[in-house]
Amino acid sequence: MKVRVVEIASNLMLKNDALAAKLRARFVESGTLVVNMLSSPGSGKTTLLEETLRRLSGTYRVAALVGDQATENDALRLARSGAPVRQITTAAECRLDAGMISKALAQLQGEHFDALFIENVGNLICPAEYDLGEDLRVVLLSVTEGEDKPLKYPLAFNTSQVVLITKVDIAAAVGFDRVAAGESIERVNPGVRVVEVSTRTGAGMEEWIALLDSRIGAKALAPAR
Amino acid sequence: MHEITVALSLLDGVQATASEQGIERVSAVNVRVGALSGVVRDALLFSWDVATADTVAAGSELRIEEVPLVVFCERCEGERAPLPGYGLVCPECGTPSPRIVSGREMQLVSMEVPA
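Since we're looking at a predicted model, the values are computed, not measured.

### Focus: the overall build of chain A
Then, number 1: Scanning chain A from terminus to terminus reveals 8 helices and 8 strands.
Then, number 2: Computed over its C-alpha atoms, the radius of gyration of chain A comes to 18 Å, within 12% of the 17 Å expected for a compact globule of 225 residues.
Then, number 3: Dimensions along the principal axes, computed over C-alpha positions, put chain A at roughly 65 × 45 × 40 Å.
Then, number 4: Going through the 225 residues of chain A one by one, you find that 50% of them count as buried.
Then, number 5: Excluding contacts between residues fewer than 6 apart, the proportion of contacts in chain A whose partners are at least 24 apart in sequence is 75%.

Rendered as structure tokens:
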């Protein structure tokens, strides 16, 4: 059979990247710091975010979007912080994309926020590919996970600006090896900011909140406004 | 896990080009997929067959070129392919090399149509 070759040459991420660029411009305009949180299921994203919203909401207008394949349970939990929260139920999709964020933002009815937190679907593979227009990508690694997770999911750790080591209150009990974890992180993202936190004891929370505080302030004053 | 989404996005691109050019049947599609993209080859092939049923690309062959992970090593001042499972580290001098040169691709390259 004779065939003819038709060139197409398109990048599958183009559509998402274009939408993400629009979101980013919009967030520059509004001076909203956007934080995209990635992790495996069960690493403590929702608990950390609930506490983060609670601590920031005295000072700032904060909101959260939360992605899950099913249920609205996380949105209900986060709403206890008092901040506006919208659940994005992704069904078959294993990650959030920029289009989903645009739609969910419409439900927040154009309110102004100093910071918007996006809790991605618990998964370290697919979410790493999708730009959501965020300023800060934060990846969580709980002490109950393997210290070599950054080596197994290099892109998620490579594309993040902050690594949060969570549940450090039980680090000793589960035999967490800090040095090994630190070495794994350095192998995919040398020099990245690492903060150890525990929502239960409050350890590291001040450092994490101070980091957000300075980024929210910087975004609000960004010259592009 | 996301192979069906990837297959549907590829199909979107194929269908758009086919309808622009009045193509009625596609016999093969060439794509490039990076080692870091998290796409499982067999799952994508399976998804492709499911996604393309009753479309212009029904029964077409999906040819997947796997693009290896390549990083830029500042110390060696060159492109290097890290060993799988060791992070983004230069295999020659051991320097962490977070600048990814290739391995993130998800590209629709071309398609073949009966002449």
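### Quick notes on the overall build of chain B
Then, number 1: Helices and strands together make up the secondary structure of chain B, namely 2 helices and 6 strands.
Then, number 2: Its helices and strands in sequence order give chain B the pattern α-β-α-β-β-β-β-β, from N to C terminus.
Then, number 3: Its C-alpha radius of gyration of 17 Å places chain B more than 25% over the 13 Å reference for a compact globule of 115 residues.
Then, number 4: Partitioning the contacts of chain B with sequence separation of at least 6, the portion at a separation of at least 24 is 68%.

### Details of the packing of helix H1 (residues 14-30) of chain A against helix H4 (residues 98-107) of chain A
Residues and elements named next belong to chain A.
Then, number 1: It is the contact of H1 with H4, at a shortest axis distance of 8 Å, that shows an interaxial angle of 40°. One finds that H1 runs oblique with respect to H4. Every residue of H4 that contacts H1 at Asn16, Leu19, Ala20 and Leu23 is listed here: Ala98, Gly99, Ile101 and Ser102.
Then, number 2: Partitioned by chemical class, the residues of the contact of H1 with H4 number 5 nonpolar, 3 polar and no charged.

### Here we look at the interface of chain B and chain A
Then, number 1: Across the contact, 33 residues belong to chain B and 31 residues belong to chain A.
Then, number 2: Within the residue set of the side of chain B that touches chain A, elements represented by two or more residues are helix H1 (3-20) and strand S6 (106-114) of chain B.
Then, number 3: Sorting elements by how many residues they give to the side of chain B that touches chain A places S6(B) first, with 9 residues.
Then, number 4: Each residue belonging to the side of chain B that touches chain A can be placed in one class, and the counts come to 19 nonpolar, 13 polar and 1 charged.
Then, number 5: Where strand S1 (residues 3-11) of chain A lies against S6(B), 7 bridges are found, and the strand directions are antiparallel. The residue bridging A:Glu7 from the neighbouring strand is B:Ser110, located in S6(B).

### Here's the deal with the sheet that holds strand S1 (residues 28-34) of chain B
Think of a sheet as strands paired side by side through backbone hydrogen bonds, with each pair either parallel or antiparallel.
Then, number 1: The mixed open sheet is built from 4 strands, whose spatial order is S1(A)-S6(B)-S1(B)-S2(B). Only two strands of the sheet have a single partner each, and these edge strands are S1 of chain A together with strand S2 (61-67) of chain B. Each strand axis lies, on average, 20° off the axis of its neighbour in the sheet, ignoring direction.
Then, number 2: Of the strand pairs in this sheet, S1(B) and S2(B) are connected by 7 bridges, and their pairing is parallel. Across the sheet, B:Asn30 pairs through a bridge with B:Arg63, a residue of S2(B).

### Quick notes on H1(B)
Then, number 1: Taking 1.5 Å as the rise per residue, H1(B) with 18 residues should run 26 Å; its terminal C-alpha atoms sit 26 Å apart, in good agreement.
Then, number 2: Within H1(B), the full set of buried residues consists of B:Glu3, B:Val6, B:Ala7, B:Ser9, B:Leu10, B:Leu11, B:Gly13, B:Val14, B:Thr17 and B:Ala18.
Then, number 3: Each element contacted by the buried residues of H1(B) is listed here: S1 of chain A together with S1, helix H2 (41-52) and S6 of chain B.

### What about the pairing of strand S3 (residues 62-68) of chain A?
All names here are of chain A.
Then, number 1: The element S3 is largely enclosed, with a buried count of 7 among its 7 residues.
Then, number 2: Neither face of S3 is open: one carries Val62, Ala64, Val66 and Asp68, the other Ala63, Leu65 and Gly67, and all of them are buried.
Then, number 3: Here S3 runs beside strand S5 (residues 115-119); their pairing, made up of 5 bridges, is parallel. Each bridged residue has a counterpart across the sheet, and for Val62 the counterpart in S5 is Ala115.
Then, number 4: The pairing of S3 with strand S4 (residues 85-89) spans 5 bridges and is parallel. Directly across from Leu65, in S4, lies its bridge partner Arg86.
Then, number 5: Taking the sense of rotation as the criterion, the β-α-β connection linking S3, helix H3 (residues 73-79) and S4 turns out right-handed.

Quick notes on the rules
Residues numbered from 1 in each chain as written. Chains lettered and ligands numbered in written order. Predicted model: local features only at pLDDT ≥ 70, side-chain atom pairs only at ≥ 80, totals over all residues. Helix = DSSP H or I, 4+ residues; strand = E, 2+ residues; numbered from the N terminus. Rg over C-alpha atoms; globule rule 2.2 N^0.38 Å. Buried ≥ 20, exposed ≤ 12 C-beta atoms within 10 Å, placed from the backbone. Contact = placed C-beta atoms within 7 Å. Axes fitted to C-alpha atoms, helices over the stretch in contact; angles between N-to-C directions. Parallel < 35°, antiparallel > 145°, perpendicular 65-115°, else oblique. Nonpolar A, V, L, I, M, F, W, Y, C, P; charged D, E, K, R; others polar. Pairing = 2+ DSSP bridges. Expected span 1.5 Å × (residues − 1). Right-handed = clockwise from strand over helix to strand, strands pointing away.

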